[in-house]
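Below are the chains, spelled out letter by letter.
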Number of protein chains: 2
Amino acid sequence: MALIVQKYGGTSVGSPERIQNVAKRVARWHGQGHQVVVVVSAMSGETNRLIALAKQLQDQPDPRELDVVISTGEQVTIGLLAMALKEVGLKARSYTGSQVRIVTDSAFTKARILKIDEQLLRADLDEGTVVVVAGFQGVDESGNITTLGRGGSDTTGVALAAALKADECQIYTDVDGVYTTDPRIVPEARRLSSITFEEMLELASLGSKVLQTRSVEFAGKYKVRLRVLSSFEDEGEGTLITFEEDRKMEQAIISGIAFSRDEAKITILGVPDRPGIAYQILGPVGDANVDVDMIVQNVGHDGLTDFSFTVHRNDYQKTLKTLEPVIKHIQARGIVSGDKIAKVSVVGVGMRSHAGIASTAFRTLAEEGINIEMISTSEIKISIVIDEKYTELAVRVLHKAFHLEQPV
Amino acid sequence: MALIVQKYGGTSVGSPERIQNVAKRVARWHGQGHQVVVVVSAMSGETNRLIALAKQLQDQPDPRELDVVISTGEQVTIGLLAMALKEVGLKARSYTGSQVRIVTDSAFTKARILKIDEQLLRADLDEGTVVVVAGFQGVDESGNITTLGRGGSDTTGVALAAALKADECQIYTDVDGVYTTDPRIVPEARRLSSITFEEMLELASLGSKVLQTRSVEFAGKYKVRLRVLSSFEDEGEGTLITFEEDRKMEQAIISGIAFSRDEAKITILGVPDRPGIAYQILGPVGDANVDVDMIVQNVGHDGLTDFSFTVHRNDYQKTLKTLEPVIKHIQARGIVSGDKIAKVSVVGVGMRSHAGIASTAFRTLAEEGINIEMISTSEIKISIVIDEKYTELAVRVLHKAFHLEQPV
C-alpha cells in the first residue's frame, strides 16, 4: 500500500465528464489498496473568467481581494470531484487550502507555503477516505485567503506529498510526459522516461510548461518522487523526475531542447566599465518588479562595455521606461532593444562532463544561417537568443544535431 | 454616527456595474459618518449555475460538498465589492462566513447560526473600514463550510446586525418596500410605510418574497430594526418592520393580501377518528423531509373524518408515494389530491380585535363565484385555498374589499 498524491490541472477537470474520469482513475488507484490525496486546479477558463470580472472593478485589482475571488475556482472543483468520487462509491472529503491549513506568507497572488497541518488529512486517509484538496491556495497566519500564483496547484501537490511523506506525487496534465522538445515543432520528439530535477527546472522555466518551476524546486528540496502523466490516457508511465544521484550512467548527455518566445532583449551601449555599474542598471529594474532572465556583459575596452539582458515580453515597455533616467545618469551611449526574439536552450545534465556541446550547437545554427544574438550558459544548459522567426528551424536542427529522436 | 448593516441581494449585485452602484451607495452612507457593514448574495444566476454543475455529478448532491461549491458564489461577490469600494476611495475588507466566524450547526444546505464572533469586524469598523461579509454561509465547529438555505443572506444580515447591535439593518432588494399585495396583479397596491414583524412573517411565508422568513423571526427575536428598501432608487424610505408594541393605533386592520401558487393539497378520506391518527399520517411525511403547511381536520361523524393538508408543490409526488402504505395501514377510504390550487391570505395584526374580517373575505369570494376548498386561520391571517385559475381575481377583489388601495 502506498500513499499517492495526484494533481489534476484545469484541462483535466474542465467539464463534469472530465471530473467523472478523474474520479474513475482515482477509484482504480484506491481499489489497488493505495491511499490517495487528490489536488485539483480550477476548471479550465475559470480563473481567467474571475480575473476578468475583477478587472472590471479595478484595473489593478487589490491583491487580497483578488485572492478571495480567484480562490473560488478551485473550491468549486474540490466539491464537484468529491461528489463524483462519492458517486463511484468511495468515501471522499474536500478541503480548501484554508481548511487543511496550508499556511502561507501574506504575499497575496504569489504567496509561499510556510507549513502544512497534515493531521486532518492523515485521519481521513487512515479511515479509507479519499482526500480532495484545492490547489493554488492557502491561508496566512491572520486567516486571509492567499493564492500561490499561476501553476500553484503543482506546488500544492508537491508540498502535500512532502508533508505527508507520500510515496509519489503524480502530476496529471494534458501531455503524457516530458518530451525532448515540443512535438508540435519536431514530430520526432521523444518522451523521456526520466529526467533530473535540474533539467526539469531548466525545461520548465524555458517554456516546456509541463510543471511549475517552484513545484520542481520544492520537490527537489524535499526529495519528493515526482511523475508527470497524461490524464487522458490510461496507460503510460509518464516521465519520472529523478535526483541526479539516481541517474543511470548510460543516460543521454542532452535531455531536450527548450524554447521561449516570451522574452525581450535590451542592450545598453557604451556603459562605463566600472564596479557597481550592473547594479546601477538592474537595481531600478528589480525595484520596478521586473524579473531579469539572461544577463550578458562582455569584456570591455576603452573603459566602455555593452550590457545586455532579457526580460519577460510583458515587462518590455515598463523596463524601457524605467531605464530612461538610468541611461542619462550613468552616461551610457544609448540603448538598443527588441522583442522579436526567441531563446532556444540545449539542456542536459550530461553536458557538464562533455566538451563540444556548445560548439555543436553554434555550428548547427551557423549552418542554417541563424545569427546568434546572445549566449548564456550554465552547468546544464546553453541558452541562445536568436531572431524569433527562426525559432522552429533552430529547435528542429538542434534536436537532430543531438540525435534526440533516438532512444538512449 | 450610526452603525448600519446593509444587505444586497443577487439582483442588486448582478453585474460589475451594479456592484459599482452598491459601492456608491455605501460611500454615501459612509460619507455621512456612519459605520457600514455590507452583506451580499451571489450574483444573480450564480447559485443556480453552481447547483446545476453539482447535479451533473450527483442527482442528489452530497450536502457537505454542495455547500463547498455554492458558497463560492457569495465569496466572489465580497471580493468584487471590496474592490469597487476601494476604487471609490474607501477602506474595505471582505470576509467569508468562515473568516468572520459565523458559527452554525452542521445541517448542511440549511444550517442555523449559533453565534457570531464580531471582534474582527468591530476592529475594522472602528478604524473606518467598510466591512463586506458573504451572506448565506457560515462554518460549523469542525471548520466545515455550511450554507443557510435559500434567502439565507437576509438572515446573515439580521444576525450580524444583532451581534453588532447595529442601529438598523437595511435589506436592499429589487422592490422599494412591502406592498399591500403584488402590484403586477393589483396596480393600486400601495407601499406600506411600516408593518409588524408578525405580518411580515405571514406575508413573507405566503409568497411576498421580499424577506426570508427566518431572517424576520431572527430580527423579531433580537429586536433588530429592519427596513426593506430598493437598491435601484436613491430616494424612498422603504418599509420599516416594527414591533407590535410600537404600532400606531390608527393603522389599518388589514395590511395586505398574500398569495402562493407553490402548494398542493392532499385529502385523506374516511380516516378513523381516533387519537394519534394525525401523527400516523404526518409522521411519515415529516420523515420524508416534506414540510406541511396548512392542516385541516373537521369534526368527524360515524367514527370517520377527512384529513387535509398542503405541501410544497415540488414535494407533491413524493408525498403521495409516501402516503400509499400509510393509507392501507390506517385503513382510510381513499385519497383525493390536486396541485392546481392557490392559497390566498388576508393578513393583518388588526384582525385580532375585529370580528367580521373572515365573513367579509368569504362573502367577497362567493360574490365572484369562487369556491373555497380549505380554510385555515391564525390570529393575524385567514388563508383560503381556491382553484389556481381564480388567483388574480381573488387577490384583486379581496384587496378592494378591504380598501387597501387607500392610505390609512
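So, how was this worked out
Sequence positions are assigned chain by chain, starting from 1 and proceeding in written order. Chain labels run from A onward and ligand labels from 1 onward, assigned in the order the entries are written. Local features in a predicted model are, by the rule used here, given only for residues with pLDDT of at least 70; side-chain atom pairs are given and counted only at 80 or more, and totals for whole chains, interfaces and linings are based on all residues. Starting at the N terminus, helices and strands are each numbered in turn, a helix being any DSSP run of H or I of at least four residues and a strand any DSSP run of E of at least two. Only C-alpha atoms enter the radius of gyration, while the globule expectation follows 2.2 Å times N to the 0.38, with N the number of residues. Between the buried cut of 20 or more and the exposed cut of 12 or fewer other C-beta atoms within 10 Å of a residue's own C-beta lies the partly exposed class, and all C-beta atoms are placed from the backbone. Our contact criterion uses C-beta atoms placed from the backbone: two residues qualify when those atoms are within 7 Å. By this definition, two strands are paired if DSSP reports at least two bridges between them. A fitted line through C-alpha atoms serves as each axis, taken over the contacting stretch for helices, and the angle formed by two N-to-C directions is quoted from 0 to 180°. Per-residue confidence from the prediction method is given by pLDDT, with values spanning 0 to 100. The residue classification treats Ala, Val, Leu, Ile, Met, Phe, Trp, Tyr, Cys and Pro as nonpolar and Asp, Glu, Lys and Arg as charged. All others, Gly included, are polar. Note on definitions: a nonpolar core is a set of buried residues drawn from Ala, Val, Leu, Ile, Met, Phe, Trp, Tyr and Cys, linked by C-beta atoms within 7 Å.

Caption draft 1: Quick look at the overall build of chain A. Counting its secondary structure elements, chain A contains 13 helices and 22 strands. On C-alpha atoms alone, chain A measures out to a radius of gyration of 23 Å, which is about the 22 Å that the 2.2 N^0.38 rule sets for 408 residues. Oriented by its inertia axes, the alpha-carbon framework of chain A measures out at about 75 × 50 × 35 Å. Residue burial in chain A is summarised as follows: out of 408 residues, 48% are buried. Sequence-distant contacts, at least 24 apart, represent 75% of the contacts inside chain A between residues at least 6 apart.

Caption draft 2: Broad picture of the sheet that holds strand S1 (residues 3–8) of chain B. Residue and element names in this part refer to chain B. Read from one edge to the other, the open sheet built from eight strands follows the order S3-S6-S2-S1-S9-S13-S14-S12, with strand pairing classed as mixed. Across the chains shown, the open sheet's two edge strands, defined by having one partner strand only, are strand S3 (92–95) and strand S12 (194–196). Between one strand and the next, the sheet's axes are offset by a mean angle of 20 degrees, whatever the strand orientation. As paired strands, strand S13 (residues 226–230) and strand S14 (residues 239–242) are joined by three bridges and run antiparallel to one another. Across the sheet, residue Arg227 finds its bridge partner in S14, namely Leu240.

Caption draft 3: Summary view of the confidence of the model for chain A. With 95% of its residues at a pLDDT of 70 or more, chain A has an overall mean of 90. As scored by the predictor, the complex reaches a pTM of 0.78 and an ipTM of 0.77.

Caption draft 4: Representation of helix H3 (residues 63–70) of chain B. Most of H3(B) is tucked away: seven of the eight residues are buried. Along H3(B), the residues that are buried comprise B:Arg64, B:Glu65, B:Leu66, B:Asp67, B:Val68, B:Val69 and B:Ile70. On the buried face of H3(B), the contacting elements are helix H4 (72–87) and strand S3 (92–95) of chain A together with helix H2 (46–55), helix H4 (72–87) and strand S8 (145–147) of chain B.

Caption draft 5: Inspection of the interface of chain B and chain A at higher detail. In this assembly, 28 residues from chain B lie in contact with 29 residues from chain A. Mapped by element, the contributors of at least two residues to the side of chain B that touches chain A are helix H1 (16–31), H2, H3 and H4 of chain B. With eleven residues, H4(B) is the single largest residue contributor to the side of chain B that touches chain A. Among the residues making up the side of chain B that touches chain A, the classes are represented as 16 nonpolar, eight polar and four charged.

Caption draft 6: Looking closely at the nonpolar core. In terms of nonpolar packing, the biggest core is built from 222 residues, with A:Leu81, A:Val132, B:Leu81 and B:Val132 touching the most fellow members. Membership of the second largest hydrophobic core comes to five residues, among which are A:Val271, A:Ile281, A:Phe307 and A:Ala332.

Caption draft 7: Looking closely at the environment of B:Leu114. All names here are of chain B. For Leu114, the position within the fold is in strand S5 (residues 113–116). With 13 C-beta atoms counted inside 10 Å, the residue Leu114 sits in the partly exposed group. As a C-alpha pair, Leu114 and Phe197 span 83 residues in sequence and 22 Å in three-dimensional space. Apart from residues lying up to four places away in sequence, Leu114 is in contact with Val103, Thr104 and Asp105.

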